[in-house]
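# Fold and geometry: a report
Single-letter residue listing:
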Amino acid sequence: MSLSRAEVEHIAELAKLNLTEAELDQYAVQLSAILDYIAELNALNTDDIPPTASVLPLKNVLAADEVTFGLEQKAALANAPDAEAGQFRVQAIFE
Amino acid sequence: MATKIQTPAYEAVIGMEVHAELMTESKMFCRCAVVDLTAAQPNTAVCPVCLGMPGVLPVINQQAIEYGIMVGLALNCEIAEFNQFARKNYFYPDLPKGYQISQYEFPLAVNGYVMIDLPDGSTKRIGIRRAHLEEDTGKNTHLSDGTSLVDFNRSGVPLLEIVTEPDIRNAEEAEAYCRKLRAILQYLGVNSGDMSKGVLRVEANISVRPVGSNEFRNRTEVKNLNSIRNMFRATEYEIERQIQVWESGGSVVQETRGWDEQKQKTFSQRSKESAHDYRYFPEPDLPVLEISREWVERVRAHMPELPDTKRERFMNALGLSAYDASVLVADRPIADYFENAVKAGGDAKIIANWMMGELFRLMNKSGLEREQINEISVKPEQLVEVIQLIEKKTINNNAGKKVLEIVYNKGGEVSHIIQSEGLAQQSDEGVLRTAVMQVLDQNPSEVTRWLNGEEKVIKFLMGQVMRAMRGTGDAQAVQRLLEEELNKRK
């Protein structure tokens, strides 16, 4: 399975990565290799195995609707690159 | 829109998407408090989970699931036995994890319907395609300097997305759907219905097509609808806009459009298609959720009465007309107010008349929405007190209206106001007769006209007596005494 350069470009855009032309070529090859490796799993016969999103034998892990206090505002903002008026400050993004 | 195209040749095809925050105590996947965004200090109801810090794990809020089941049942949906959450991946500053936990392939509720009530008294069935649970995002405030401030108090608040089939054909039906859905959510006690605070958000997917065709043409998704009125106007506008685009030989672009309240127009919010590649995949941090039939039945057993059932009861047990019952059940606070008044000992039909007459008039005058009836200073017991005083003839109808208006505007006790304003009904025959005779003496020409057979003059004389008594006279007694005294002058 080979990823096209256009697909790599699309993925880079979704991931907000600015890649150079050289990087696009390089990652197209490397990502394709990773996909090919994963694709080896297709050799297994899984006809009788139901698909699952989890390997843990768990279901219905639920919490009661009871409030516990989390972080003070100051602690919440401690790692923010920039903050103002108790809020995180970011570069505006308009869709 | 300058001119409305007078053509019956098009019909609209509308599907609605509603996002309803669920009024749990804590958030969907962490135990931070759900707070009123407009009142709480920013970033004070947050923790590492809803801030998307590394290494944290979400845990599903059981109450949110049960609220979701309640809504699903109220919308006549099948509740899915197998539920799985999914990651919806996109980058935006209000989404700290870089993904939203939602449901995709396996929603909580599917294949339902709701009966909507149209202005002409008819009902229509609107299909519900699905309702699924997810988490709300934080809130961005854009500043003029090119930066945005982000408050994560809302991040992780339980959100139920409810999607209809494209069964809605015009703005009236869209409004009726919103009103009915909002009433159901309010009745279930899972959402306040306050669109201005953003706890209930509506989007309309709109396309138009020639009447008689079954095709689906390009649709637009209209957002920024922060009230039912705006939703109605935006929908009407968008239908007309699309008809004009097709009529002028163009074609409608499939896109997202916002509603500009100032300009009363929708406007394009076109975004790059590639931005909406959400790469959904099953949420690995959450085990699957199985909802047993027993669980569904336990939830069903605790569901409160819904609007349609209440309307039937108002009609059958309390003798209200279909119209009155519909108006009174349309907003839960109105229905509660009405029922409290009936409990306080009043006649249901008379209470309904006074609520829909005087109270609604006073509320309209002061710009209150129906659902804000709890904020008015006239309590249900006071309305009943006024009605009973009228029945006992302590005050007359007009004085009752005056008392209500004073309590509404300034508060206070009904009995005090009647005393201080001198509104008690005057039934003392001696007093009334004196007033009647004075009026007759002061208006000799009207008396002559009456004596000459002009019977309707009595209305004028009646008005004069009532005015002289500042509206407090017992109207029936005044009428009787007027006739007596006039006859004496024959």
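Residues numbered from 1 in each chain as written. Chains lettered and ligands numbered in written order. Predicted model: local features only at pLDDT ≥ 70, side-chain atom pairs only at ≥ 80, totals over all residues. Heavy atoms only, no water.

### Description of the side chain of Thr 147 of chain B
Note the following rule: Only DSSP runs of H or I reaching four residues or more are called helices, and only runs of E reaching two or more are called strands; each is numbered from the N terminus. Think of a polar contact as two N or O atoms within 3.5 Å of one another; within protein, one of them needs to be a possible hydrogen donor and the other a possible acceptor, and neighboring residues in sequence only count if both atoms come from side chains. Throughout, a contact is declared for two residues whenever any of their heavy atoms are within 4.5 Å.
In this fold, Thr 147 of chain B is placed in strand β10 (residues 147–151). Engagement of the side chain of Thr 147 of chain B in a polar contact is seen with the side chain of Asp 145 of chain B, the distance being 2.7 Å. The contacts of Thr 147 of chain B, once residues within four sequence positions are left out, are Arg 89, Val 90, Gln 91 and Ala 92 of chain A together with Thr 141 and His 142 of chain B.

### Let's talk about the domain arrangement of chain B
Accessible area lost on assembly of the parts is the figure often given for the size of an interface. Definition in use: Throughout, the edges of the domains are those of an automatic or database domain assignment.
With domains assigned, chain B is organised as domain 1 (10–297), domain 2 (305–420) and domain 3 (429–488). Each of domain 2 of chain B and domain 3 of chain B has a C-alpha centre, and these two points are 33 Å apart.

### Considerations on the sheet that holds strand β3 (residues 78–79) of chain B
Residues and elements named next belong to chain B. Under the convention used in this document: Two strands are said to pair when DSSP picks up at least two bridges between them. Every axis corresponds to a line fitted to the C-alpha atoms, with the helix fit spanning only the stretch in contact, and the corresponding angles, defined between N-to-C directions, vary from 0 to 180 degrees.
Taking strand neighbours across the sheet as the criterion, the nine strands line up as β3-β7-β8-β11-β1-β12-β13-β14-β15 in an open arrangement whose pairing is mixed. Strand pairing shows two members of the sheet lacking a second neighbour, β3 and β15 (265–268), which therefore form its edges. Across four bridges, the pairing between strand β14 (residues 255–260) and β15 is antiparallel. Bridge pairing links Trp 259 to Thr 266 in β15. Taken strand by strand, helix α3 (residues 228–247) contacts β1 (10–21), β12 (200–210), β13 (220–225), β14 and β15, and its axis lies near 25 degrees from that of β12.

### What about the state of the cysteines?
Cysteine pairs can be covalently joined through their sulfur atoms, and such a bond is termed a disulfide. Residues and elements named next belong to chain B. Filter applied, for reference: For the purposes of this analysis, a disulfide is any pair of cysteine sulfur atoms at a distance within 2.5 Å. Relative accessibility decides the category of a residue: with a 1.4 Å probe and only protein chains considered, values under 20% of the type maximum give buried, values over 50% give exposed, and everything between is partly exposed.
Inspection of the entire model under this criterion finds zero disulfides over all chains. Distance from the sulfur of Cys 47, which forms no disulfide, to the nearest cysteine sulfur (Cys 32) is 3.5 Å. Its relative accessible area of 9% is what places Cys 47 among the buried residues. With no disulfide partner, Cys 77 has as its closest neighbouring cysteine sulfur the one in Cys 178, 16 Å distant.

### Section: the interface of chain A and chain B
Keep this limit in mind: Reported buried area values correspond to the accessible surface (1.4 Å probe) lost by two parts on association, with both partners' losses combined. A pairing counts as a salt bridge when a side-chain nitrogen of Lys or Arg comes within 4 Å of a carboxyl oxygen of Asp or Glu.
At the interface, 35 residues of chain A touch 48 residues of chain B. Overall, the association of chain A and chain B removes approximately 3,700 Å² of surface from exposure, summing both partners, and the carbon and sulfur fraction of that is 58%. Considering only the side of chain A, the residues that lose the most area to chain B are Leu 14, Leu 62 and Asp 65 of chain A, jointly responsible for 17% of the buried surface there. Our count for the chain A to chain B interface comes out at two salt bridges. Residue Arg 89 of chain A is joined to Asp 145 of chain B by a salt bridge in which the shortest nitrogen-to-oxygen separation is 2.8 Å. Between chain A and chain B we count 18 residue pairs in polar contact (both at pLDDT 80 or more) in total. Mapped onto the side of chain A that touches chain B, the elements with two or more residues apiece are α1 (5–14), β1 (62–63), α3 (73–76) and β3 (87–91) of chain A.

### With respect to the packing of helix α6 (residues 322–329) of chain B against helix α7 (residues 332–343) of chain B
Residue and element names in this part refer to chain B. Put simply, the test is: In these notes the angle categories are as follows: under 35 degrees is roughly parallel, over 145 is roughly antiparallel, 65 to 115 is roughly perpendicular, and the rest is oblique. Only Asp, Glu, Lys and Arg are considered charged in this grouping, and only Ala, Val, Leu, Ile, Met, Phe, Trp, Tyr, Cys and Pro are considered nonpolar; every other residue, Gly among them, is considered polar.
Viewed as axis vectors pointing N to C, α6 and α7 meet at an angle of 115 degrees, and their least axial separation amounts to 6 Å. Here α7 runs roughly perpendicular to α6, going by the angle between their axes. In this structure, α6 uses Val 327, Leu 328 and Val 329 to contact α7, whose residues at the interface are Arg 332, Ile 334, Ala 335 and Phe 338. Looking at the contact of α6 with α7 residue by residue, the classes come out as six nonpolar, no polar and one charged.

### Things to note about a nonpolar patch on the surface
Residues and elements named next belong to chain A. Formally: Exposure above 30% relative accessible area and no salt bridge define the residues that can form patches, which grow by joining like charges within 9 Å and nonpolar side chains of Val, Leu, Ile, Met, Phe, Trp and Tyr within 5 Å. Each accessible area is a Shrake-Rupley estimate made with a 1.4 Å probe; only the visible protein chains count as cover when residues are assessed.
Side chains of Leu 31, Ile 34, Tyr 37, Ile 38, Leu 41 and Leu 44 sit close together on the surface and give an oily, nonpolar patch of about 640 Å² of accessible area. Checked against the element boundaries, Tyr 37 lands in helix α2 (residues 21–39). The exposure class assigned to Tyr 37 is exposed, which follows from its relative accessible area of 59%.

### Brief notes about the packing of aromatic side chains
Residues and elements named next belong to chain B. So the rule is basically this: Ring pairs are drawn from Phe, Tyr and Trp, using the six-membered ring of Trp, whenever the two centres fall within 6.5 Å, and their geometry is named by plane angle: stacked under 30 degrees, edge-to-face over 60, tilted for the rest.
Tallying each qualifying case throughout the model produces eight aromatic pairs over all chains. The interplanar angle of 85 degrees and the centroid separation of 4.9 Å between the aromatic rings of Phe 82 and Phe 106 together place this pair among those described as edge-to-face. Taken together, the positions of Phe 82 in strand β4 (residues 82–83) and Phe 106 in the loop between β6 (99–103) and β7 (109–117) put the pair 24 residues apart, joining distant regions of the chain. Residue classification places Phe 106 among the partly exposed residues on the basis of a relative accessible area of 29%. Ring geometry for Tyr 90 versus Tyr 278: centroids 5.8 Å apart, planes at 65 degrees, classification edge-to-face.

### Comments concerning the pairing of strand β11 (residues 158–164) of chain B
Residue and element names in this part refer to chain B. Of all the seven residues making up β11, seven are buried; the element is thus mostly covered by neighbouring parts of the structure. Here β11 shows two buried faces, one formed by Pro 158, Leu 160, Ile 162 and Thr 164 and the other by Leu 159, Glu 161 and Val 163. Pairing of β1 with β11 involves five bridges; the strand directions are antiparallel. Paired with Val 18 across the strands is Ile 162, a residue of β11. In this structure, strand β8 (residues 123–135) lies alongside β11, joined through seven bridges in antiparallel fashion. Looking at the pairing, Arg 130 lines up with Val 163 of β11.

### Some remarks on helix α4 (residues 293–301) of chain B
Defined as follows: Along the arc lie the directions from the helix axis toward the C-beta atoms.
When we look at burial in α4 of chain B, the residues that qualify are Trp 295, Val 296 and Val 299 of chain B. Within α4 of chain B, the buried residues cover an arc of 100 degrees as seen down the axis, which keeps them to one side. Of the exposed residues in α4 of chain B, the ones pointing more than 90 degrees away from its buried face are Glu 294, Arg 298 and Ala 301 of chain B. The inward-facing, buried residues of α4 of chain B abut β1 of chain A together with α1 (62–74), β3 and β17 (289–290) of chain B.

### With respect to the sheet that holds strand β16 (residues 281–282) of chain B
Taken together, the three strands give an open sheet; going across it, the order is β6-β5-β16 (chain B), and neighbouring strands pair in antiparallel fashion. In this open sheet, the two strands that pair with only one neighbour each are β6 and β16 of chain B.

### A closer look at the packing of α1 of chain B against helix α2 (residues 171–188) of chain B
All names here are of chain B. Which entries qualify depends on this criterion: Helix crossings get a hand from a simple test, with the near helix turned counterclockwise from the far one by less than a right angle marking a left-handed crossing and a clockwise turn marking a right-handed one.
Packing of α1 against α2 leaves a shortest axis separation of 10 Å and a crossing angle of 135 degrees. Judged by the angle between their axes, α1 and α2 are oblique. The interaxial crossing formed by α1 with α2 has right-handed handedness. Listed contacts from α2 to Met 70, Val 71 and Ala 74 of α1 are Ile 184, Leu 185 and Leu 188.

### A closer look at the pattern of salt bridges
Residue and element names in this part refer to chain B. Summed over all chains, the structure comprises 50 salt bridges over all chains. Across the pair Arg 241 and Glu 238 runs a salt bridge whose closest N-O atoms are separated by 2.8 Å. Separated by three residues within a single helix, Arg 241 and Glu 238 lie in helix α3, roughly one turn from each other. Comparing Arg 241 with Glu 238 shows no difference in burial state: the two are buried. Within this structure, Glu 429, Arg 433, Arg 480, Glu 484, Glu 485 and Lys 488 form a network of salt bridges that share partners.

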